[in-house]
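# What the coordinates show
Spelled out from the first residue to the last, the chains are:
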Amino acid sequence: MQPDITDKVLELIKRTSTDIPPDVEASLRKAMGDEDKGSAAQGALETILSNIELSRKNGTPICQDTGTPIFRVRHPGGWSTRKMREQIRTAIAQATKLSYMRPNAVDSITEKNSGNNLGGEEFPTIHFEEEEGDSLVVDLMLKGGGCENVGAQYSLPDESIGAGRDLAGVRRAVLDAVQKAQGLGCAPGILGVSIGGDRGSGYVASKAALYTPIGTRNAAPEVAAMEERITKEANSMGIGPMGFGGRTTVIDTKIVGMHRLPASYFVTISYMCWAYRRRRLILEGDRVEYK
Amino acid sequence: MRELTIPVSAETIRELHIGEPVLLTGVMITGRDTAHKWIEETFIKKTKAPGPGDEAIYAELKRILAGSFIYHCGPVVAGLDTKQYRFVAAGPTTSIREEPFEADVMRHFGMRGVIGKGGMGDRTLQGCKETPAVYLHAIGGAASLIAQTVKRVTGVHKLEFGVPEAMWVIEVEKFPAVVTMDSHGRSQHDAILDRSKRVLAELFSKP
C-alpha cells in the first residue's frame with residue numbers, strides 16, 4: 001500500500017531550505033580558519049556561518065533564492081509516480097505558503113510568477129527511479145539562480161583554452177569555468193562535472209553528482225586525483241569567498257563519466273553555491289528518517 | 001566600523017574606499033530586473049507610457065531614492081495574505097544583470113549607490129564616479145541574517161511583478177556590506193579578475 005507522502009516531503013523541504021548538511025558546514029568552518037585574520041574573506045565566512053545558525057534556529061530559509069527544487073525519488077515497484085508527483089507538488093505549494101520557499105516559478109512567455117512554485121511539468125524537477133526493496137528514498141536539492149547562471153558546458157576540443165578530448169582537457173575546461181564565474185556563483189562553491197553524454201543528459205548528470213557528500217571521490221584513481229588537483233588549482237586563483245579574494249574558492253570537485261557519441265565530447269559543469277542545500281528522506285514502513 | 005545613515009551625503013560617499021565595511025541604516029527600496037527595466041523605459045527613456053498609478057509610484061521613488069540605495073534583492077516575504085509584510089529571508093541577488101540600467105537610474109534619482117552581489121561593470125563604475133555613488137557588496141546567501149536588519153516593510157510597489165521582482169520599501173538598521181566599487185573609479189572586482197586571469201594562464205602552461 002502506497003502511503004501519502006505530502007507531509008513527509010513538506011518536512012523535507014523545510015529542512016532542506018532552512019539548514020545545511022553537516023559536511024558542508026564543517027567545510028565552511030575549516031575555510032574560515034584558513035583565511036587571513038580580519039580579511040574580507042574571513043568576514044564573509046563568519047557571516048555565512050552565523051546565518052546558517054540563525055536559519056536553523058528560526059526555521060527560516062538559508063538563502064532567499066530557494067532555487068529550483070530538484071527531487072530524485074527512488075521508490076519500490078508498483079508505486080504510482082503520478083500520485084507521488086501530485087503529493088510532491090502539493091508539498092511545494094504548502095512550503096511556499098509557509099515561507100520556506102520563495103515563489104520562484106516565472107512563465108518565460110508571459111513573465112507571470114505562478115505564486116506557488118508550480119509551473120508546468122518541469123517545475124519542480126522530479127526524477128523517478130524504481131528500485132528493489134520496500135523503502136522510499138527522496139533526495140532534494142535546492143539550487144539557486146546565481147550559481148546556476150555560472151554553470152557551463154564545453155564541447156571539446158576547444159582551441160580557445162587548448163583543451164583536447166582527455167582528462168587534461170577536462171581540467172582546462174573546469175578551471176576556465178571557475179575563473180569566469182569569479183564570485184558570482186556565491187563562492188566558495190562545489191563543482192559537479194560530467195564528461196560525455198549529450199547536452200541535456202550532461203547537465204542532469206553534473207547536478208546528480210552533487211547529491212553525494214563532500215569528499216566523495218570517483219572510483220577511478222586517475223579521476224579521483226584529477227578531482228583533487230582541480231580543487232587545489234582553482235583555489236590558487238585567489239578568487240575567494242564571494243569573490244572578495246582569499247584561499248577558498250572551491251570546496252570540492254566531483255567528476256562523473258558518461259557514455260557519449262563518438263562525435264561528441266562534452267564537459268558540463270554545474271556550480272553549486274556555498275548554500276549547498278541537499279537533504280534525504282528515507283521512508284521504510286512506519287520509519288521516517290531525514291539525513 | 002563606519003555607520004551610514006540614509007540619506008547619505010555626497011561628501012560622505014567621497015570618503016569611502018574599496019575594501020571598507022559599512023553598516024547602513026534608513027529607508028531603501030529593493031529592485032531587480034523587472035523594476036529596473038520598468039523605471040528605464042517608463043521614466044528615463046520614456047519609450048513606454050506610464051500605466052495607471054505609475055506616476056504616483058514615480059513620485060514616491062524620487063522622494064525615497066534621493067540620497068538612498070536600491071537593494072538588488074528578491075526576498076522571501078511573510079504576511080502576503082494579511083499585508084502585514086515581514087522579510088523572512090533577504091540576501092542579495094547578482095547585480096550584473098542591472099548593468100544596462102544602473103548608471104542611468106543612479107544619476108536620475110540622485111542615489112548614493114546600490115547594494116548587491118558580484119559587482120558591476122564599467123558603466124556603473126563611471127556612474128559611481130559622476131553621481132557620486134558606491135557599490136556595496138552584501139554577503140550572498142546570508143538571507144536570514146540580513147532579514148533581521150530589515151526592521152519594517154513600509155510598502156510595496158508593483159507587486160504584480162511577483163514577490164521577488166516587486167519594489168519593497170524597507171527600513172533597515174545596521175545592514176552589513178562592504179564597499180567594492182567606490183566613487184574614485186576603483187573596483188575590487190577588477191583587481192581580483194585580473195589576478196585570477198594571470199594565475200589561470202600559469203596553470204594552463206602546465207601539462
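Since this is a predicted model, take the numbers as computed values, not measurements.

## Observations regarding the overall build of chain A
In terms of helices and strands, chain A carries 8 helices and 9 strands. In terms of overall dimensions, chain A is globule-like: its C-alpha atoms have a radius of gyration of 19 Å, near the 19 Å expected for 291 residues. Viewed in the frame of its principal axes, chain A has a C-alpha envelope of about 55 × 50 × 40 Å. By the burial criterion, 50% of the 291 residues in chain A qualify as buried. Long-range pairs, those at least 24 residues apart, make up 75% of the contacts in chain A between residues at least 6 apart in sequence.

## A closer look at the sheet that holds strand β2 (residues 125-131) of chain A
All names here are of chain A. The strand order across the open sheet built from 5 strands is β2-β1-β3-β8-β9, with neighbouring strands paired in mixed fashion. Two strands in the sheet have a free side with no partner beyond their single neighbour: β2 and β9 (287-290). Averaged over all pairs of adjacent strands, the angle between strand axes in this sheet comes to 15°, irrespective of strand direction. Bridge count between strand β1 (residues 68-76) and strand β3 (residues 136-143): 7 bridges; the pairing is antiparallel. Directly across from Phe 71, in β3, lies its bridge partner Leu 140. Here helix α1 (residues 6-18) sits on the sheet in contact with β3, β8 (277-284) and β9, set at roughly 155° to β8.

## Focus: the domain arrangement of chain A
All names here are of chain A. For chain A, the assigned domains are domain 1 (6-16 + 62-144 + 277-290) and domain 2 (146-272). If you average the C-alpha positions of domain 1 and of domain 2, the two centres end up 26 Å apart. Across the contact, 8 residues belong to domain 1 and 7 residues belong to domain 2. Counting only elements with at least two residues in the side of domain 1 that touches domain 2, the list comes to β1 and β3. If you tally residues by element for the side of domain 1 that touches domain 2, the top one is β3, at 3 residues.

## A word on the sheet that holds strand β5 (residues 189-195) of chain A
All names here are of chain A. On the basis of which strands lie adjacent, the open sheet formed by 4 strands has the order β4-β7-β5-β6 and mixed pairing. The sheet terminates laterally at β4 (152-155) and β6 (250-257), the two strands that pair on one side only. Averaged over all neighbouring strand pairs, the angle between strand axes comes to 15°, with direction disregarded. Where β5 meets strand β7 (residues 266-272), 6 bridges bridge the pair, whose relative direction is antiparallel. Within β7, the position partnered with Ile 195 by the bridge is Val 267.

## Observations regarding the interface of chain A and chain B
Counting residues at the interface gives 43 residues for chain A and 40 residues for chain B. Looking at the side of chain A that touches chain B, the elements with two or more residues in it are α3 (40-58), α5 (145-149) and α6 (167-181) of chain A. Of the residues forming the side of chain A that touches chain B, the biggest block, 10 residues, is contributed by α3 of chain A.

## With respect to unusual backbone geometry
Glycine aside, the phi torsion of most residues is negative, and most peptide linkages are trans. With an omega of 0°, the peptide bond between Ala 187 of chain A and Pro 188 of chain A qualifies as cis. Inspection of the secondary structure puts Pro 188 of chain A in the loop between α6 and β5. With omega at 0°, the peptide bond leading from Ile 6 of chain B into Pro 7 of chain B counts as cis. With respect to the helices, strands and loops of the structure, Pro 7 of chain B is situated in the loop between β1 (2-5) and α1 (10-15). Positive phi is not limited to glycine here, since Glu 111 of chain A has a value of about 70°. The topology assignment puts Glu 111 of chain A in the loop between α4 (81-97) and β2. Given 11 C-beta atoms within a 10 Å radius, Glu 111 of chain A is considered exposed. In this model, Met 242 of chain A sits at a positive phi of 60°, which is unusual for a non-glycine residue. Mapping Met 242 of chain A onto the fold places it in the loop between α8 (221-235) and β6.

## Regarding the pairing of β7 of chain A
Residue and element names in this part refer to chain A. For β7, the buried fraction is high: 7 of the 7 residues fall into the buried class. Side chains Phe 266, Thr 268, Ser 270 and Met 272 of β7 all project onto a buried face; the interleaved residues Val 267, Ile 269 and Tyr 271 project onto the opposite face, where all are buried too. When β4 meets β7, the two strands line up antiparallel, connected through 4 bridges. Within the sheet, the bridge partner assigned to Gln 153 lies in β7 and is Thr 268.

## Observations concerning α4 of chain A
Along an α-helix, residues three or four apart share an orientation, since each turn contains 3.6 residues. All names here are of chain A. Compared with the 24 Å implied by 1.5 Å per residue over 17 residues, the 24 Å span of α4 between its first and last C-alpha is a close match. Of all the positions in α4, only Met 84, Gln 87, Ile 88, Ala 91, Ile 92, Ala 95 and Thr 96 are classed as buried. Residues of α4 that are buried sit in contact with α1, β1 and β2. Backbone geometry just downstream of α4 places Ser 99 in the positive-phi region, at approximately 65°.

## Considerations on the nonpolar core
Membership of the largest hydrophobic core comes to 137 residues, with the highest contact counts inside it found for Val 9, Ile 13 and Val 174 of chain A together with Val 134 of chain B. Residue contributions to this core peak at 9 residues, all from strand β9 (residues 167-181) of chain B. Residues from two domains meet in this core; each of domain 1 (6-16 + 62-144 + 277-290) and domain 2 (146-272) of chain A gives at least three.

## As for the confidence of the model for chain B
Here chain B averages 96 in pLDDT, and 100% of its residues register 70 or above. Note on the complex model: pTM 0.92, ipTM 0.91.

## Brief notes about the packing of α6 of chain A against α8 of chain A
Residue and element names in this part refer to chain A. Where α6 meets α8, the axes come as close as 10 Å, and the angle between the chain directions of the two elements is 30°. Between α6 and α8, the crossing angle belongs to the class labelled roughly parallel. Two packed elements cross with a definite hand, and for α6 against α8 that hand is right-handed. Note on element contacts: α8 touches α6 through Glu 222, Met 226, Arg 229, Ile 230, Glu 233 and Ala 234, opposite Leu 167, Val 170, Arg 171, Val 174, Leu 175 and Val 178. A class-by-class count of the residues in the contact of α6 with α8 yields 8 nonpolar, no polar and 4 charged.

## Considerations on the environment of Phe 87 of chain B
All names here are of chain B. With respect to the helices, strands and loops of the structure, Phe 87 is situated in strand β5 (residues 86-89). Residues Phe 87 and Ile 170, 83 residues apart in the sequence, show an inter-C-alpha distance of 9.1 Å. If we ignore the near neighbours within four places in the chain, the residues touching Phe 87 are Pro 75, Val 77, Ala 147, Val 150, Val 153 and Ile 170.

The rules we used
Residues numbered from 1 in each chain as written. Chains lettered and ligands numbered in written order. Predicted model: local features only at pLDDT ≥ 70, side-chain atom pairs only at ≥ 80, totals over all residues. Helix = DSSP H or I, 4+ residues; strand = E, 2+ residues; numbered from the N terminus. Rg over C-alpha atoms; globule rule 2.2 N^0.38 Å. Buried ≥ 20, exposed ≤ 12 C-beta atoms within 10 Å, placed from the backbone. Contact = placed C-beta atoms within 7 Å. Pairing = 2+ DSSP bridges. Axes fitted to C-alpha atoms, helices over the stretch in contact; angles between N-to-C directions. Domains from an automatic or database assignment. Expected span 1.5 Å × (residues − 1). Core = buried A, V, L, I, M, F, W, Y, C linked by C-beta atoms within 7 Å. pLDDT = per-residue confidence, 0-100. Parallel < 35°, antiparallel > 145°, perpendicular 65-115°, else oblique. Left-handed = near helix turned anticlockwise from the far one by under 90°. Nonpolar A, V, L, I, M, F, W, Y, C, P; charged D, E, K, R; others polar.

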